[in-house]
Amino acid sequence: MENTEQIKEFGGTLNRYVHKSKSCNCDMTFSIYLPPQAEKAPVPALYYLSGLTCTDDNVRTKAGAQRYAAEHGLALIMPDTSPRGDDVADEPDRYDLGKGAGFYVNATAEPWAAHYQMYDYINSELPELVEATAPVIPGLRSITGHSMGGHGALISALKQPGVFRSVSAFSPICNPVNCAWGEGCFGAYLGDNRDEWQNWDASVLISRGASCPPMLVDQGTADSFLADQLNTQTLIDTCDAHNISAKIRMQNGYDHSYHFIASFIGEHIAFHAKALNS
């Protein structure tokens, strides 16, 4: 694992690493912010999953999250969204498939299966690496994300009861089997069997009885993707029908951008800090 960058921020350090991933069969990049409290003792970890077209760089430069992570004493782990490299399959003419659009699933269809094992990377390989090398408390994790990353955060929490103390999301893709983004990526990565797709859909998982840790979701009412891609109402209805006590907030006038995320990231980190420190 190579440390390619180290920056002092809010009394802590923002580090960037490159390492060879066994899951994705390529070099992967991630950033980790260690708060000042980590100099004295290991701290809990909050994983942040970014959305379509993003890398680890978007959240660490646009969200203002490090300030709040320092305040609450949380490590912030920020992985890339997909495998990278010359040998990695891609659709260069599309922003919603291939590099930058890993969708946090384990691909089973060719040519994607060789590298696009993002679920295993996020939920197994990366936590093992972080907990072996950074001053974080083993097993004490929460997870959040934006858009495609919100989808990734939700399914990670729902598919692994007890692994995460809490989950939150900004503008998540709530029902990907019924939107163009999800259908396009699932059809490519998972093949034509729509039954398999449902194993990677938060609303479907809840409808099948998946348990969930404390959940917070923020969705802007002026989000241009709300009507056609995000299916927030499906998540609300499914949680209500299955007695999931999620806090899903429609935030008036906010869009899909990092301006929206920066407006509420402090509340999300406080939400996770409460769960992680309880």
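What comes next is a walk through the structure. Fair warning: this is a prediction, and the values are worked out from it, not measured in the lab.

### Digging into the overall build of the chain
1) Next: Secondary structure summary: the chain contains ten helices and nine strands in total.
2) Next: On C-alpha atoms alone, the chain measures out to a radius of gyration of 17 Å, which is about the 19 Å that the 2.2 N^0.38 rule sets for 278 residues.
3) Next: Expressed as lengths along the three principal axes of its C-alpha atoms, the size of the chain is roughly 50 × 45 × 35 Å.
4) Next: When the 278 residues of the chain are sorted by exposure, 58% land in the buried category.
5) Next: Put simply, 71% of the contacts in the chain that link residues at least 6 apart link residues at least 24 apart.
6) Next: With the model as given, the accessible surface of the chain reaches about 10900 Å², and the carbon-plus-sulfur share is 47%.

### Brief notes about the packing of aromatic side chains
1) Next: Taken as a whole and judged by the stated rule, the model has twelve aromatic pairs.
2) Next: For the ring pair Phe186 and Trp197, a centre distance of 6.1 Å and an interplane angle of 70 degrees mean the geometry is edge-to-face. In this pair, Phe186 sits in helix H5 (residues 180-190) while Trp197 sits in helix H6 (residues 194-197), placing the two residues eleven residues apart along the sequence.
3) Next: Chaining the aromatic ring pairs together yields one cluster made of Phe170, Tyr254, Phe260 and Phe264.
4) Next: The lysine or arginine in question, Lys159, covers the ring of Tyr119, its NZ or CZ lying 5.7 Å from the ring centre.
5) Next: It is Lys159 that lies over the ring of Trp200; its NZ or CZ is 4.3 Å from the centre.

### Description of the side chain of Thr144
1) Next: Secondary-structure assignment places Thr144 in strand E6 (residues 136-145).
2) Next: If we skip the residues at most four places from it in the chain, Thr144 touches Leu46, Tyr47, Tyr48, Leu49, Gly149, Ala153, Ser168, Ala169, Phe170, His268 and His272.

What counts and how
Residues numbered from 1 in each chain as written. Predicted model: local features only at pLDDT ≥ 70, side-chain atom pairs only at ≥ 80, totals over all residues. Heavy atoms only, no water. Helix = DSSP H or I, 4+ residues; strand = E, 2+ residues; numbered from the N terminus. Rg over C-alpha atoms; globule rule 2.2 N^0.38 Å. Buried < 20%, exposed > 50% of the residue type's maximum accessible area, 1.4 Å probe, protein only. Contact = heavy atoms within 4.5 Å. Areas by Shrake-Rupley, 256 points an atom, 1.4 Å probe, with all protein chains shown as cover. Phe/Tyr/Trp six-rings, centres within 6.5 Å; stacked < 30°, edge-to-face > 60°. Lys NZ or Arg CZ within 6 Å of the ring centre and 35° of its normal.

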